[in-house]
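So the chains spell out like this:
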Amino acid sequence: MEEHIVIIGNGISGVTTARHIRKASDKKITIISAETDHFFSRTALMYIYMGHMKYEHTKPYEDYFWKKNRINLKRAFVETVDHENKQLLLSGGEKMSYDKLVLAVGSKPNKFGWPGQDLDGVQGLYSKQDLDKLEANAPDNKTCKRAVVVGGGLIGIEMVEMLLTRDIPVTFLVRENSFWNGVLPQGESEMINRHITSHHVDLRLGFNLDSILADDNGKVRAVTIKETGEEIACNVVGLTAGVSPNVAFLKDSGIELGRGIKVNPMLETNIKDIYAIGDCAEQHEGINGRRPIEAVWYTGRMMGEALAQTLTGNPTAYNPGHWFNSAKFMDIEYQTYGWVFSKPKDGNTHFHWMHKDDNKCITIEMQEGTRKFVGINNFGIRLRHELFDRWLTEERTTDYVLEHLKDANFDPEFYSHYEKDILDAYNAAYGTSLAPKKKSWKRIFA
């Protein structure tokens, strides 16, 4: 009988594992999920609320794909893992046996014990259920006259943007004194502050949520601010102060836990034949200077690809390569390649350029003296990932990167380009006399 591989979680990491196991083997595969029947793009949830897509459009595969590829789907909640008997206890008392188990159970929104945090009208923004709640809680600006969003990260600003599309006034409470300034350098963070307020958002920097107040029916009616005691009337509170691995159900399982499920680079837990991938996996030590837990879409996919190789007889360690990420701050697209810290690391320095329209900028982190390129943040300008990945591997200097920046630009044909402006600013700052090289498709696809 073929080995039975059970995957808990139908997000990008779990589904990638299943697909790649099927490509390489005839093993029996079961995916268990309590969230939805089928895999969908979590990053597209916001566009459903905003009216750009329907839920069906977020499913990368037709519903018949799973049966055709002999991947069994089970809609259930896993109560416990019995690793000694290789058995799962599902909600309703059903049991399921496995030969190998993959934990791809994702994250859940953080809550910090705020009074009123479980009231009707208080929610996060992570799951399909969260989207359904928001549709019910804030269908329009008559039902929801104001929303308060708590937490100054990527999910928070997505939720703000979603609510604005329905003309719902939003107060955005950010604990830090500038948006996401633990990640972004000051110039970028301040540009995003201005961009948020330009959309008529009531942005409150440096303020903390104190409590959430209920009306007579147990629904949200207001929040209070810790520093001032101010009461802000609202009908919805979005708690978007980050996420944590969804591992509470494993507390007594014998599987080693930290903040997440502890794994080695082979994605193995301390229990034989049990693996963990995606948002819930925590490396004992971060790989290549990366964080031990990376709640990022593409790393989940890469872990799934690596683990599928291992499970089909080709042991493969997880190697995420150079860091990259992308996001969107309302109208401003953001990409980052390599490492750019909010403040330069010891021995490094920042070069920062900003366009006068206040919607475009770049920051480059480089070594002092040698000007070796370490990483770049770019806002409002699209730059080619593959090229920066190569330049980081080749350990290019910042001089080289900026001379060849036209190669990296993949903005549409008739967009304005800014390579000369950027290089002029760099020459002025560092006393160089560099000139931009003409774009070369030969170099790009070398």
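The shown structure was predicted, so the numbers you read here are calculated from the model rather than taken from an experiment. (Residues numbered from 1 in each chain as written. Predicted model: local features only at pLDDT ≥ 70, side-chain atom pairs only at ≥ 80, totals over all residues. Heavy atoms only, no water.)

### Details of the UniProt feature "domain: FAD/NAD(P)-binding" (unreviewed entry) in the protein chain
Part 1 of the argument: UniProt tags residues 4-285 as "domain: FAD/NAD(P)-binding" (unreviewed entry).
Part 2 of the argument: With 20% helix and 29% strand, residues 4-285 has its two end C-alpha atoms placed 30 Å apart. (UniProt positions renumbered as here; feature names shortened; annotations may be inferred. Helix = DSSP H or I, 4+ residues; strand = E, 2+ residues; numbered from the N terminus.)

### Some points on helix α11 (residues 419-430)
Part 1 of the argument: The end-to-end C-alpha separation of α11 is 16 Å, in line with the 16 Å expected for twelve residues at 1.5 Å each.
Part 2 of the argument: Those residues of α11 that fall on the buried side of the exposure criterion are E419, I422, L423, Y426 and N427. All buried residues of α11 project into a common sector of 135° when viewed along the axis, lining one side. The exposed residues of α11 that point more than 90 degrees off its buried face are K420, A428 and A429.
Part 3 of the argument: Its buried side turned inward, α11 meets β23 (348-354), β24 (361-367), α9 (398-403) and α10 (405-408).
Part 4 of the argument: The positive-phi residue at the C-terminal boundary of α11 is G431, with phi of around 70°. (Expected span 1.5 Å × (residues − 1). Buried < 20%, exposed > 50% of the residue type's maximum accessible area, 1.4 Å probe, protein only. Arc of directions from axis to C-beta. Contact = heavy atoms within 4.5 Å.)

### Looking at the nonpolar core
Part 1 of the argument: Counting 76 residues, the largest nonpolar core has V81, L88, L101, L103, F351, F388 and I422 as its most contacted members.
Part 2 of the argument: The greatest single-element share of this core, amounting to six residues, is contributed by helix α7 (residues 297-311).
Part 3 of the argument: Inspection of this core shows a minimum of three residues originating in each of domain 1 (4-108 + 244-311) and domain 3 (324-445).
Part 4 of the argument: Setting aside residues up to four positions removed in sequence, F351 forms contacts with I362, T363, I364, M366, L402, I422, A425, Y426 and Y430.
Part 5 of the argument: Counting residues in each nonpolar core, the second largest holds 38 residues, with F40, I168, V201 and M330 among its members. (Core = buried A, V, L, I, M, F, W, Y, C linked by side-chain atoms within 4.5 Å. Domains from an automatic or database assignment.)

### What to know about the packing of aromatic side chains
Part 1 of the argument: Inspection of the entire model under this criterion finds 26 aromatic pairs.
Part 2 of the argument: Centroid distance Y298 to F324: 3.8 Å. Interplanar angle 20°. Geometry classified as stacked. Of this pair, Y298 sits in helix α7 while F324 is found in strand β21 (residues 324-329), placing the two residues 26 residues apart along the sequence. We note that Y298, like F324, is buried.
Part 3 of the argument: Ring geometry for W353 and Y418: centres 6.0 Å apart, planes at 40°, overall tilted. In this pair, W353 sits in strand β23 while Y418 sits in the loop between α10 and α11, placing the two residues 65 residues apart along the sequence. Here W353 matches Y418 in class, with each residue buried.
Part 4 of the argument: Grouping aromatic residues by their ring pairs yields a cluster made of F172, F179, W180, F329, Y334 and F379. (Phe/Tyr/Trp six-rings, centres within 6.5 Å; stacked < 30°, edge-to-face > 60°.)

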